[in-house]
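Topology and contacts: notes
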Amino acid sequence: MMDEKEKKFLTVAPFQCAWRKDLKFREAGRGCVAFDAFAHNDVTLVFRENVGSQHYHYKRDNSPHYTVILGSHRNRRLKIEVDGKTEVDVEGIGLCCSSGFQSYWICIYDGLISIGKGRYPFQNLVFQWLDSNPNCSVRYVGLSSWDKHVGYRNVNVLPLPQNHMLLWKQVDYGEYGGKEDGEDELEDEQRDYEKWGLDNFLESWELSDTFFVVGEEERPVPAHKVILQASGNFPLSLSNEDVVLLKDATYPILHALLQFIYTGHTQISESQLGSLWALSLQFEVMPLVKQCGEAVERSKLNKKLSGSGRNVELSNPNSRPHCRTTFPFGLPINVLKLKKLYSAGEYSDVNMYIEGHGLVAQPHRVILSLWSIPFAKMFTNGMSESSSSKVSLSDVSPEAFKIMLDFIYSGEINLEDSLDFGDLLLQLLLLADKFGVTLLYQECCKTLLECLSEDSVCPILLTVSSFPSCKLIEETCERKFAMNFDYCTTASLDFILLDETTLSSIIQHQELTVTSEERILDAILMWCMGAKELCGWETVDELLANSTPELIFQERIKSLNELLPFVRFPLLPYHMLKKLGQSNLSKHIHIFDNLVREGINYVEFGLAMAESDQNKRFQHRRSSYKELQYICDGDSNGVLYFAGTSYGEHQWVNPVLSKRITITASSPTSRYTDPKALVSRTYQGTCFTGPRIEDGNKCAWWMVDFGQDHQKEI
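Quick caveat, the model's predicted, so the values are computed rather than measured. (Residues numbered from 1 in each chain as written. Predicted model: local features only at pLDDT ≥ 70, side-chain atom pairs only at ≥ 80, totals over all residues. Heavy atoms only, no water.)

1. Notes on the side chain of Thr 447
The residue Thr 447 is located in helix H15 (residues 438-451) in this model. Only 2.8 Å separates the side chain of Thr 447 from the backbone oxygen of Glu 443, close enough to count as a polar contact. Setting aside residues up to four positions removed in sequence, Thr 447 forms contacts with Phe 421 and Leu 425. (Helix = DSSP H or I, 4+ residues; strand = E, 2+ residues; numbered from the N terminus. Polar contact = N/O pair within 3.5 Å; in protein donor to acceptor, adjacent residues only side chain to side chain. Contact = heavy atoms within 4.5 Å.)

Take a look at the structure:
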């Protein structure tokens, strides 16, 4: 009974870690842990290759590991550490609950760390981070703490889905409320895709361009030239009409050969093993030759005669029987040979044309159909492309299309040589979505999210906002924009091109970070007037002296009335509110005047104080100023450390040496009065300033100058 109780509820003391052997991923580097936690701060989970001790602590761990800390810095931040080094430190996400148990889940998939809230894993995702150098060996889960007790209960380790991560399901197919037209068809396509593979074309006349004639009964068995030649060396010509005669072979032997090529595994009786070995050697299917040879040797060692009738299982080393793999991986396909066949156009049965660019590629129908259901339907459902060797596409980037085909034949994206990396990646993303190349779509999403920056967020939003399947990317971009609102609305005017719905979502985002409400007011006014250059509300106010709101804001005048209430006027400085109250904006725009008056009344008379806890317009947003919270000497949280990293740009260098700060003292620089020692990361008791006489008084001091571009808030 005690063990069962421990399983359901566990309290971890400060600076300790609890390990249970059942808290283990089934597959190294891939798994999900779901749990309830009760704590004031620092709900900490450690993921490592081996089980630790009770007194293990992640701060003293030298082995590779991940650490996820919910409610770090007194329940203010979410942190992710890799091998003891902080890689993620964000404010206000994944916080603890001290009033009761809160449900969480954490998933790791080849370095993709996903964190969510709630009882149901893979839903309510709150944060996601991809490790560029993933640790694929982590397996055991440790439940840890910091300086206070943490209660855990209902801790369960769950396997990930075998096919595609559920976490990427929203990337693949979008998350919308309610079903739109064609959604049922999309779900059917997804179910079909999960069952789709090269084995669907095994001995199928669909898209076949050659066939075998087997045995005395002359049985025809269809196949596909590009698949055969990428697996071995078959006597095939480049013409469309091709027949391979196998009078001395039997159908079961040929079937086993083709099954191995098309699925990566087969089985055959021991009495037929020699014939299969000979046939695979004849056509130089070397992985099967090797498997047959090893099976024959095992039979000899076990002294089992070939006439026993026992079936022998033969599998390609990289394939898993009864598990579908993405072509060409896990199959006895030589990828280099396959790419060479594509590059040379050998055995191609379709010519791809793009409007305005002519012939761009000569791929193979069966290969395209393996990756893309739209292509498969195009080639098999009686459309004009089913009978013609010519396919014409329009509104398609030829560069992106060629990269998509390269991915289909190799499984790799090559954008390194591209000058317009970002634009091409976006085009590739939309193309993969259009043709249903799911794995390419996922890779584009991952790469796009890795490369997402303050400068690229607006162009990406402009591209993906109209595509429901890009919902996750759109939400991530909106969050990025909101967290860097000041920069995104002043570094360029790209945000002027956003639609009203997107801008409204950003302004209302719970993670909107901004220096003042004035910045939000300026951004709204610039967007509504379609500004050609950066300006503030004072510029708009001057324009209204000789014009009208209808002329200045034109078709966005209605949007102005919708967006202005999102500005929290009561939080503006009083002197600014008075200035706004006397402005032309207040005189000409009725809703603006009402909002300013509300702000003035709030400051002067405290009106609406009773509702301020419920009304967001009276609540302060997150400040874009960097929060630097001292914890202990030598930590990485102080102002001087931040200056030593060039404000987060690189590894720490003594800020005096890098000239980020200037230090002067009451006594001259010497071995005892060393400015470098004062700001070093190790305390030196031998460093001090000597006294001097100032205004008749003896005094000693240090002065630290951070420069005119920096200030601090206390």
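2. Describing the sheet that holds strand E8 (residues 102-109)
The strand order across the open sheet built from 6 strands is E1-E12-E3-E8-E9-E10, with neighbouring strands paired in antiparallel fashion. The open sheet terminates on both sides in strands that have one partner only, identified here as strand E1 (9-12) and strand E10 (125-130). The mean inter-strand angle of the sheet, taken between neighbouring strand axes irrespective of direction, is 25 degrees. As paired elements, E8 and strand E9 (residues 112-117) share 6 bridges and run antiparallel to each other. In the sheet register, Trp 105 faces E9, and the bridge partner there is Gly 116. (Pairing = 2+ DSSP bridges. Axes fitted to C-alpha atoms, helices over the stretch in contact; angles between N-to-C directions.)

3. Points about unusual backbone geometry
What you tend to see is this: most non-glycine residues have negative phi, and most peptide bonds are trans. In the Ramachandran plot, Tyr 347 falls in the positive-phi region, its phi being about 60 degrees despite a non-glycine side chain. Positionally, Tyr 347 belongs in the loop between helix H9 (335-344) and strand E18 (351-354). On the basis of relative accessible area, Tyr 347 is assigned to the buried category, the value being 10%. Despite not being glycine, Lys 659 has its phi angle at roughly 60 degrees, a positive value. Counting through the fold element by element, Lys 659 comes out in the loop between helix H27 (639-644) and strand E21 (662-665). Given a relative accessible area of 74%, Lys 659 falls into the exposed group. (Buried < 20%, exposed > 50% of the residue type's maximum accessible area, 1.4 Å probe, protein only.)

4. Examining helix H8 (residues 286-301)
An α-helical turn contains 3.6 residues, so a residue and the one three or four places further along point in the same direction. Along its 16 residues, H8 runs 23 Å from first to last C-alpha, staying within 8% of the 22 Å computed at 1.5 Å per residue. For H8, the complete set of buried residues consists of Leu 288, Val 289, Gln 291, Cys 292, Gly 293, Ala 295, Val 296 and Ser 299. Each element contacted by the buried residues of H8 is listed here: helix H6 (251-263), helix H7 (270-282) and strand E17 (311-315). (Expected span 1.5 Å × (residues − 1).)

5. What to know about helix H19 (residues 500-507)
Taken together, the buried positions of H19 are occupied by Thr 502, Leu 503, Ser 504, Ile 506 and Ile 507. Close packing links the buried residues of H19 with helix H16 (457-464), helix H17 (471-483), helix H18 (485-488), helix H20 (517-529) and helix H23 (557-563). In this structure Asp 499 caps H19, since a side-chain oxygen of it lies 3.1 Å from the backbone nitrogen of Thr 501.

6. Quick look at the packing of aromatic side chains
Enumeration over the complete set of coordinates arrives at 16 aromatic pairs. Residues Trp 371 and Phe 407 carry aromatic rings whose centres are separated by 5.4 Å and whose planes lie at 70 degrees to one another, so their mutual orientation is edge-to-face. Of the two residues, Trp 371 sits in helix H10 (residues 365-371) while Phe 407 sits in helix H13 (residues 398-410), which places them 36 residues apart along the sequence. For Trp 371, a relative accessible area of 2% puts it in the buried group. For Phe 407, a relative accessible area of 3% gives the class buried. Here the aromatic rings of Phe 375 and Phe 379 are separated by 5.9 Å at their centres, their planes lie at 10 degrees, and the arrangement is stacked. Of this pair, Phe 375 and Phe 379 both sit in helix H11 (residues 373-380), 4 residues apart, which is roughly one turn of that helix. For Phe 375, a relative accessible area of 0% translates into the label buried. Site record: aromatic cluster; members linked through ring pairs are Phe 375, Phe 379, Phe 401 and Phe 435. The ring of Tyr 109 is capped by Arg 30, whose NZ or CZ atom sits 4.5 Å from the centre of that ring. Above the ring of Trp 527, the side-chain terminus of Arg 556 is found at 3.8 Å from the ring centroid. (Phe/Tyr/Trp six-rings, centres within 6.5 Å; stacked < 30°, edge-to-face > 60°. Lys NZ or Arg CZ within 6 Å of the ring centre and 35° of its normal.)

7. Considerations on the pairing of strand E14 (residues 219-223)
The pairing of strand E13 (residues 210-214) with E14 spans 5 bridges and is antiparallel. Its bridge partner being in E14, Val 214 is matched across the sheet by Arg 219. Two successive antiparallel strands, E13 and E14, enclose a turn made up of 4 residues, where Gly 215 displays a positive phi of approximately 65 degrees.

8. Things to note about the pattern of salt bridges
Per the stated rule, a full pass over the model turns up 13 salt bridges. Across the pair Arg 77 and Asp 89 runs a salt bridge whose closest N-O atoms are separated by 2.5 Å. Of this pair, Arg 77 sits in strand E6 (residues 77-82) while Asp 89 is found in strand E7 (residues 85-91), placing the two residues 12 residues apart along the sequence. Accessibility expressed as a relative area gives 30% for Asp 89, which makes it partly exposed. For the salt bridge of Glu 517 with Arg 621, the shortest nitrogen-to-oxygen distance reads 2.6 Å. On the criterion of sequence distance, the pair formed by Glu 517 in helix H20 and Arg 621 in the loop between helix H26 (590-605) and H27 is long-range, its members being 104 residues apart. Each member of the pair, Glu 517 as well as Arg 621, is classed as buried. A single network of salt bridges, built from pairs that share partners, joins Glu 27, Arg 30 and Asp 110. (Salt bridge = Lys/Arg side-chain N within 4 Å of Asp/Glu carboxyl O.)

9. Things to note about the confidence of the model for the protein
For the protein, the average pLDDT comes to 82, and 84% of its residues sit at 70 or higher. Per-element confidence in the protein ranges from a low mean pLDDT of 38 for helix H3 (residues 169-173) to a high of 95 for H20. Note on residues 1-7: pLDDT under 50 across the span, and 4 contacts to partners over four residues away in sequence or across chains. Of the regions scoring below 50 in pLDDT, residues 320-325 engages in 13 contacts with residues more than four places distant in sequence or in other chains. (pLDDT = per-residue confidence, 0-100.)

10. Concerning the nonpolar core
Within soluble globular proteins, side chains that are nonpolar tend to cluster in buried spots. Judged by nonpolar contacts, the single largest core of 136 residues is most densely connected at Phe 212 and Phe 401. With sequence-adjacent residues up to four places away left out, Phe 212 is seen in contact with Arg 219, Pro 220, Val 221, Ala 223, Leu 228, Phe 234, Val 244, Leu 246, Leu 254, Leu 258 and Phe 283. Grouped together as the second largest cluster of nonpolar side chains are 35 residues, Val 43, Cys 96, Ile 113 and Val 141 included. (Core = buried A, V, L, I, M, F, W, Y, C linked by side-chain atoms within 4.5 Å.)

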